[in-house]
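Here is what each chain is made of, one letter per residue.
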Amino acid sequence: QVQLVESGGGLVQPGGSLRLSCAASGTILSMFVMGWYRQAPGKQRELVASISFGGSTNYAASVKGRFTISRGNAKNTVYLQMNNLKPEDTAVYYCNAARSSNNYWGQGTQVTVSS
């Protein structure tokens, strides 16, 4: 089993930045496709960003150019750098690891963007 723990969320003003971290226990995350998802109250969970084995990245149109997903050099950590944050980015952010039919989720970290 893979266990994921997110950290780095908090309260920021519009235009500010946050860096989210996802740390794994029990595995090396280079073996997985990694993604960041978010879910706002009353909304469905949506994919924000993903990164493949080879490092190719994909982003939701709403965050492209503002967010960056990356793997740590130790290969057991994944980051989401969020810049120029908007109130619409307010949500619980979840880390996801997927390989074959296996799919693992962290507990989530709250991001609130408000003036």
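Everything in this summary refers to the structure shown in the same document. Here the structure is a predicted model, which means the values were calculated and not measured.

What counts, and where the lines are drawn
Residues numbered from 1 in each chain as written. Predicted model: local features only at pLDDT ≥ 70, side-chain atom pairs only at ≥ 80, totals over all residues. Heavy atoms only, no water. Pairing = 2+ DSSP bridges. Helix = DSSP H or I, 4+ residues; strand = E, 2+ residues; numbered from the N terminus. Axes fitted to C-alpha atoms, helices over the stretch in contact; angles between N-to-C directions. Core = buried A, V, L, I, M, F, W, Y, C linked by side-chain atoms within 4.5 Å. Buried < 20%, exposed > 50% of the residue type's maximum accessible area, 1.4 Å probe, protein only. Disulfide = S-S within 2.5 Å.

1. Brief notes about the sheet that holds strand β7 (residues 67-71)
By way of backbone hydrogen bonds, the strands of a sheet pair with one another, either parallel or antiparallel. Read across the sheet, 4 strands follow the order β1-β3-β8-β7 without closing on themselves; strand pairing throughout is antiparallel. Edge positions in the sheet fall to β1 (3-7) and β7, since each of these pairs with one other strand and no more. Averaged over all neighbouring strand pairs, the angle between strand axes comes to 15 degrees, with direction disregarded. Looking at chain direction, β7 and strand β8 (residues 77-82) are connected through 5 bridges and run antiparallel. Residue pairing across strands places Thr 68 opposite Gln 81, the latter belonging to β8.

2. What to know about the nonpolar core
In this structure, Leu 4, Met 34, Trp 36, Leu 80, Met 82 and Tyr 93 are the most contacted members of the largest nonpolar core, which totals 29 residues. Mapped onto this core, the elements with two or more residues apiece are β3 (18-25), β4 (33-39), β5 (46-51), β7, β8, β9 (91-99) and β11 (109-113).

3. Brief notes about the state of the cysteines
According to the stated counting rule, one finds 1 disulfide in the structure shown. Between the sulfur atoms of Cys 22 and its disulfide mate Cys 95 the distance is 2.1 Å. Every disulfide takes its handedness from the sign of the S-S torsion; for Cys 22 and Cys 95 that torsion is -80 degrees, giving left-handed. With Cys 22 in strand β3 and Cys 95 in strand β9, the pair connects residues that are 73 residues apart, well separated along the chain.

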